[in-house]
Amino acid sequence: FLETAAYFCMKPKMGEKEVSPHSFFSIWHEFSSDFKDFWKKENKLILQERVKEAEEVCRQKKGKSLYNIRPKHDSGIVSKSFPSL
């Protein structure tokens, strides 16, 4: 624990000889909860961007037809027998 506190440059409070676990972990808890909140917000933003990109790709693909539709010509037996249809 003391090595970890020294790695993060934690210094003991006034009147204490060593860094107490309570003081270290209270700061660590604040940091980790803030980090978690920012992480969630950032992931939401990234997800929203990816959804927008996917919707745009889908709209572009729907705009382009993958097949051509030709108009129907009146050349069958029914059109010759019944010209008014």
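Please refer to the structure placed before this passage.
The notes below deal with the structure included here. Every value quoted in this text rests on a predicted model; they were computed, and no experiment measured them.

Per the stated rule, a full pass over the model turns up 2 salt bridges. The closest approach of N and O atoms between Glu 56 and Arg 59, which form a salt bridge, is 3.0 Å. Residue Glu 56 and its partner Arg 59 are both found in helix α2 (residues 21–63); the two are separated by 3 residues, about one turn of the helix. Taking the relative accessible area as the measure of exposure, Glu 56 reaches 37% and is therefore partly exposed. Overall, the relative accessible area of 53% leaves Arg 59 in the exposed class. Where salt bridges share partners, they join Glu 55, Glu 56 and Arg 59 into one cluster.

A few words now on the packing of aromatic side chains. Under the counting rule described, the total for this entry stands at 10 aromatic pairs. With 5.1 Å between their ring centres and 85° between their planes, Phe 24 and Phe 25 make a pair best called edge-to-face. Among the residues examined, Phe 24 registers a relative accessible area of 6% and is labelled buried. By the ring-pair criterion, three or more aromatic residues cluster together here, those being Phe 1, Tyr 7, Phe 8, Phe 24, Phe 25, Trp 28, Phe 31, Phe 35 and Trp 39.

Cut-off values and rules
- Residues numbered from 1 in each chain as written.
- Predicted model: local features only at pLDDT ≥ 70, side-chain atom pairs only at ≥ 80, totals over all residues.
- Heavy atoms only, no water.
- Salt bridge = Lys/Arg side-chain N within 4 Å of Asp/Glu carboxyl O.
- Helix = DSSP H or I, 4+ residues; strand = E, 2+ residues; numbered from the N terminus.
- Buried < 20%, exposed > 50% of the residue type's maximum accessible area, 1.4 Å probe, protein only.
- Phe/Tyr/Trp six-rings, centres within 6.5 Å; stacked < 30°, edge-to-face > 60°.

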